Amino acid sequence: MANSYFSFKQFTINQDKCAFKVGTDGVLLGACANVSGRKKILDVGTGTGLIALMLAQRCDSGITAIESDYDAYSQASENFTMSKWSSRIRSENCTLQDFNPENSGFDLIVSNPPYFIDSLKNPDPVKSNARHNDNLTHSDILAGADRLLFDDGLLQLIMPYEEGNIFIAEAQEHGFYCDSILKIRPVPSSEIRRIILGFTRKRTKPAERFLTIEKGKRHEFTEEYINLTKDFYLNF
């Protein structure tokens, strides 16, 4: 059973009200997202608020975090309020489709979106909505990015490898082109399991990198992963 909270070096995540707890995917996106020069950031489907808090630690930007599930939104809001960056993070209980900010326009949109397209659903509707993309499809994300991103804005997501490749193709139909790819494998001998993708409106050849999390034994982390996350995890 997952703990009701997860402590990082500079903030704590309470997560007992959230369907999905702190996980490696969120930590990876929070640590890797390109915040350089970004003044306004939108976190879509914030869940516990993890990614928004990691980005707040990494930069001085104003951050908006939206979440459609009320319990998760309520808990994320509490986590933001407890943090030292509460003045820079605002939360809103809504879907991306219904999100209509007064001062529209973001430099960066990040999301760890639901990723199952066709698979057996969890009988718990909250967990099902959090994991399946029925309520936040690829097209919904791309339409939201088109509506809310500045012309030179960046969209960054973490996805399973196969879903990410599908998303790259769909993005082009919406006028977004992949400019960065981080391929992530759990151990050196495994296949690529996750992919962090960056998209802009400018057609360019994507920069490609690789990241391996563990050396081969459980909790024996690679130096690259430690360097990436050492500002956050207590044990690094």
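Overview of the structure. Since this is a predicted model, take the numbers as computed values, not measurements.

Topic: the side chain of T222
Its place among the elements puts T222 in the loop between β10 (207-212) and α7 (223-229). Given a relative accessible area of 13%, T222 falls into the buried group. Within polar-contact distance, the side chain of T222 engages the backbone oxygen of T212 at 2.6 Å. Setting aside residues no more than four positions away along its own chain, T222 makes contact with T212, I213, E214 and K215.

Considering the pairing of strand β5 (residues 89-92)
Sheet analysis places strand β4 (residues 62-66) next to β5, joined by four bridges and oriented parallel. Paired with I66 across the two strands is E92, which belongs to β5. Once you follow β4 into helix α3 (residues 70-82) and on to β5, the crossover reads as right-handed.

A word on the packing of helix α5 (residues 138-148) against helix α6 (residues 161-173)
Orientation of α5 relative to α6, taken along the N-to-C sense of each, is 50°, at an axis distance of 10 Å. Looking at the two axes, α5 sits oblique to α6. Considering the relative orientation of α5 and α6, their crossing is right-handed. The residues of α6 that touch α5, namely those facing H138, S139, I141 and L142, are E163, I166, F167, E170 and A171. Of the residues contributing to the contact of α5 with α6, the split by class is five nonpolar, two polar and two charged.

Considering the nonpolar core
F8 and F11 are the most contacted members of the largest nonpolar core, which totals 39 residues. Only α1 (24-32), α2 (50-58), β4, α3, β6 (106-111), β7 (149-160) and β8 (177-185) provide two or more residues apiece to this core. Broken down by element, the residue count for this core peaks at seven residues, all from α2. By size, the runner-up hydrophobic cluster in this structure holds 26 residues, among which are C94, I109, A145 and C178.

Cut-off values and rules
Residues numbered from 1 in each chain as written. Predicted model: local features only at pLDDT ≥ 70, side-chain atom pairs only at ≥ 80, totals over all residues. Heavy atoms only, no water. Helix = DSSP H or I, 4+ residues; strand = E, 2+ residues; numbered from the N terminus. Buried < 20%, exposed > 50% of the residue type's maximum accessible area, 1.4 Å probe, protein only. Polar contact = N/O pair within 3.5 Å; in protein donor to acceptor, adjacent residues only side chain to side chain. Contact = heavy atoms within 4.5 Å. Pairing = 2+ DSSP bridges. Right-handed = clockwise from strand over helix to strand, strands pointing away. Axes fitted to C-alpha atoms, helices over the stretch in contact; angles between N-to-C directions. Parallel < 35°, antiparallel > 145°, perpendicular 65-115°, else oblique. Left-handed = near helix turned anticlockwise from the far one by under 90°. Nonpolar A, V, L, I, M, F, W, Y, C, P; charged D, E, K, R; others polar. Core = buried A, V, L, I, M, F, W, Y, C linked by side-chain atoms within 4.5 Å.

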